[in-house]
Amino acid sequence: MPELRLHNSLTRRREPFVPLDPGHVRVYVCGPTVYDLAHLGNARPVVVFDVLVRLLRRLYPRVTYVRNITDVDDKINARAAESGEPIAAITARTTADFHADMAALGALPPDVEPRATQHIPEMIALIERLIAGGHAYVAQGHVLFAVASFPDYGHLSGRSPEELLAGARVDVAPYKRDPGDFVLWKPSPPDLPGWDSPWGRGRPGWHIECSAMSWRYLGENFDIHGGGQDLLFPHHENERAQSCCAFPHSSFARTWMHNGMLLINGEKMSKSLGNFLTVRDALQRAPGEAVRLALLRTHYRATLDFSDTLLADARKDLDRWYRALDRAPAAADDVPGAVMEALCDDLNTPFAIAEMHRLADAALAGDASAGAGLRAAGALLGVLGQTPQAWFHGGADAGAIEAAIAARLAARKARDFARADAIRAELAAQGVLLEDGPGGTTWRRA
């Protein structure tokens, strides 16, 4: 089995992955803030770390994967105020939408999916430890983390104190000892969610939520912390600072992994540019499996430029692979070595996909073992989970299509070629392609 090497954002280099406990690998990934439909930028880390967890489960006997739900946040409060919809209804609906969208992309659910609102006692306990250790202070109903108390602050994101302050977009408040100090707990007025605490009724800051939930389910030290590049600062920097200070002998996460940003047709996704693409939007354009493969065609640490062309290419790849599987037996027990080597090399999905094309070539040429290997490789990437017939016929009304094919055949026999051509055109407009061969007419989804 090849050695697993991962790029660690903390050390800024690719290094061998050595788990704290070889019998139990522990992973935490920041999940969604549930106030709206997930967009493709939200989906990318879900798909990337889903592949990582699938790989880890091939390599280690036990993996615990934790991905949280942030269901208390000022964005949620603002959406409720704007829409008039109760906060509980917004978070319940958008959480269900998130689950449905990620399932459509073939992402397996995490082992544990903690919700912030269910872990307030752990957050309060962490804050009390930070105050007792001299790393946090109370000011005007707020509790703030004292950045100066953690000399290693800025190491994860690689920023100097001046850059940290310039990039933090900090709330310069008179009660802060230092402008870079960040909120652990803040007071809540009666119209906003709040919980009783030693510092009055209030709600947690965003950063303390993930520290508390990772501590609750993975302990003071764990193996991998993942998320998007946009979370590196301030969220992950602040998480690391407060967790290392709450538990002075811990290192918190050993390996930090960050996926790159996502563009739409070369531009940053933005509602003002009219290129804001939700997962639901993408699923209207192509099956979830094609959207997933499009997200994996670029290395996870690189910027991904998502486009209709990329999506069409991913769909063509899957068409070709499923044709190859038509000739293959069940999946092999072992993933082909070249695919494993690619994924163990810092999750190099583009190289793995290139190897899957080579396997498809061999399978189409009659090599049954290559087809079995292709299916096993697909399972590791989270694709090729359907039968070829289901892929090519997916979402179509088979009965109606077969009836149309029969009507076309009758028209051809009656030499009414105009009618036969019209039926073919009608089916093509519905995304159904007919293929005439010696054995008769077959069809597939376009």
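Note that the structure is a prediction, hence the values are computed from the model and not measured.

## What about the environment of A136?
Part 1 of the reasoning: One can find A136 in strand β5 (residues 136-139).
Part 2 of the reasoning: Each C-alpha atom, one on A136 and one on Q242, is 9.0 Å from the other, the two residues being 106 residues apart in sequence.
Part 3 of the reasoning: Sequence-distant contacts of A136, that is, excluding residues within four places in its chain, are made with L130, I131, V143, L144, F145, A146 and L184.

## Considerations on the nonpolar core
Part 1 of the reasoning: If you look at the biggest cluster of nonpolar residues, it comprises 76 residues, and the most contacted ones within it are L56, F306 and W321.
Part 2 of the reasoning: For this core, the leading source of residues is helix α1 (residues 40-59), giving 11 residues.
Part 3 of the reasoning: Every residue in contact with W321, bar those within four places of it in the chain, is listed here: L293, I353, M356, H357, A360, L374, V383 and L384.
Part 4 of the reasoning: Counting 40 residues, the second-largest nonpolar core is a separate cluster that includes Y28, V72, A116 and I127.

## Points about the side chain of H24
Part 1 of the reasoning: In this structure, H24 sits in the loop between β2 (13-16) and β3 (25-29).
Part 2 of the reasoning: Note on H24: relative accessible area 15%, which makes it buried.
Part 3 of the reasoning: Among the polar contacts listed, one links the side chain of H24 to the side chain of R62, at a separation of 3.4 Å.
Part 4 of the reasoning: Within polar-contact distance, the side chain of H24 engages the side chain of T64 at 2.6 Å.
Part 5 of the reasoning: Those residues in contact with H24 that lie beyond four places of it in its chain are R62, V63, T64 and D223.

## Some details on the pattern of salt bridges
Part 1 of the reasoning: Tallied over the full model, the rule gives 27 salt bridges.
Part 2 of the reasoning: With its nearest N and O atoms 3.0 Å apart, the salt bridge here joins D74 to R203. Of the two residues, D74 sits in helix α2 (residues 74-83) while R203 sits in strand β8 (residues 202-204), which places them 129 residues apart along the sequence.
Part 3 of the reasoning: D74 sits in the partly exposed class, given a relative accessible area of 37%.
Part 4 of the reasoning: Among the charged side chains, a network of salt bridges with common partners joins R14, R301, D345 and D346.

## Concerning unusual backbone geometry
Part 1 of the reasoning: Along the chain, F233 connects to P234 via a cis peptide bond; the corresponding omega equals 5 degrees.
Part 2 of the reasoning: Along the chain, P234 turns up in helix α7 (residues 232-246).
Part 3 of the reasoning: At L384, a position not held by glycine, the phi torsion is positive, near 60 degrees.
Part 4 of the reasoning: Take L384: its relative accessible area is 3%, and that puts it in the buried class.

## Thoughts on α1
Part 1 of the reasoning: For α1, built from 20 residues, the straight-helix expectation of 28 Å at 1.5 Å per residue is met to within 8% by its first-to-last C-alpha distance of 29 Å.
Part 2 of the reasoning: Within α1, 15 of the 20 residues are buried, which leaves it mostly tucked inside the rest of the structure.

## Observations concerning the pairing of β2
A regular strand carries its side chains on alternate faces of the sheet.
Part 1 of the reasoning: Both strand β1 (residues 5-8) and β2 contribute to a ladder of 4 bridges, which runs antiparallel. Across the sheet, residue R5 finds its bridge partner in β2, namely P16.
Part 2 of the reasoning: Here β1 folds back onto β2 in antiparallel fashion, the turn holding 4 residues, of which R12 has a positive phi close to 60 degrees.

## Describing the packing of helix α10 (residues 308-325) against helix α13 (residues 368-381)
Part 1 of the reasoning: At a closest axis distance of 9 Å, the pairing of α10 and α13 adopts a crossing angle of 130 degrees. The orientation of α10 relative to α13 falls into the category oblique. Once α10 is placed against α13, the crossing between them reads as left-handed. On the side of α10, the interface is formed by W321, A324 and L325, while α13 contributes G371, L374 and R375.
Part 2 of the reasoning: The residue inventory of the contact of α10 with α13, partitioned by class, reads 4 nonpolar, 1 polar and 1 charged.

## A short note on helix α12 (residues 349-364)
Part 1 of the reasoning: Between its first and last C-alpha, α12 extends 22 Å over 16 residues, near the 22 Å set by a 1.5 Å rise per residue.
Part 2 of the reasoning: Taken as a whole, α12 has its buried residues at T349, A352, I353, E355, M356, L359, A360, A362 and A363. Around the axis of α12, the buried residues are gathered within 165 degrees of arc, so they sit on the same side.
Part 3 of the reasoning: Buried residues along α12 sit in contact with α1, α9 (288-296), α10, α11 (337-344) and α13.
Part 4 of the reasoning: If you check the start of α12, you find a side-chain oxygen 3.2 Å away from the backbone N of F351, and it comes from N348.

## Observations regarding the sheet that holds strand β9 (residues 222-228)
Part 1 of the reasoning: Spatially, 4 strands are ordered β4-β3-β9-β10 in an open sheet, and the strand pairing comes out parallel. Two strands lie at the open edges of the sheet, namely β4 (63-67) and β10 (253-259), each paired on one side alone. Taking the axes of each pair of neighbouring strands and ignoring which way they run, one obtains an average angle of 20 degrees across the sheet.
Part 2 of the reasoning: Relative to β9, β3 runs parallel, the two being bridged by 3 bridges. Within β9, the residue paired with V29 across the bridge is G226.
Part 3 of the reasoning: Its contacts with the sheet put α1 on β3, β4, β9 and β10, and the angle it makes with β4 is roughly 170 degrees.
Part 4 of the reasoning: Docked against the sheet, helix α6 (residues 206-218) engages β3, β4 and β9, running at close to 160 degrees with respect to β3.

## Regarding the sheet that holds β8
Part 1 of the reasoning: On the basis of which strands lie adjacent, the open sheet formed by 4 strands has the order β5-β6-β7-β8 and antiparallel pairing. Only two strands of the sheet have a single partner each, and these edge strands are β5 and β8. Taken over all neighbouring pairs, the strand axes of this sheet differ in orientation by 20 degrees on average, direction set aside.
Part 2 of the reasoning: Summarising the sheet, strand β7 (residues 182-187) and β8 pair through 3 bridges and their orientation is antiparallel. The partner of K186 across the bridge, within β8, is R203.

## Structural notes on the pairing of β9
Part 1 of the reasoning: With 7 of 7 residues buried, β9 is to be regarded as a mostly interior element.
Part 2 of the reasoning: Relative to β10, β9 runs parallel, the two sharing 6 bridges. Counterpart to H225 in the pairing with β10 is W256.
Part 3 of the reasoning: At this point the chain moves from β9, through α7, to the parallel β10, and the crossover so formed is right-handed.

Cut-offs used in this document
Residues numbered from 1 in each chain as written. Predicted model: local features only at pLDDT ≥ 70, side-chain atom pairs only at ≥ 80, totals over all residues. Heavy atoms only, no water. Helix = DSSP H or I, 4+ residues; strand = E, 2+ residues; numbered from the N terminus. Contact = heavy atoms within 4.5 Å. Core = buried A, V, L, I, M, F, W, Y, C linked by side-chain atoms within 4.5 Å. Buried < 20%, exposed > 50% of the residue type's maximum accessible area, 1.4 Å probe, protein only. Polar contact = N/O pair within 3.5 Å; in protein donor to acceptor, adjacent residues only side chain to side chain. Salt bridge = Lys/Arg side-chain N within 4 Å of Asp/Glu carboxyl O. Expected span 1.5 Å × (residues − 1). Pairing = 2+ DSSP bridges. Axes fitted to C-alpha atoms, helices over the stretch in contact; angles between N-to-C directions. Parallel < 35°, antiparallel > 145°, perpendicular 65-115°, else oblique. Left-handed = near helix turned anticlockwise from the far one by under 90°. Nonpolar A, V, L, I, M, F, W, Y, C, P; charged D, E, K, R; others polar. Arc of directions from axis to C-beta. Right-handed = clockwise from strand over helix to strand, strands pointing away.

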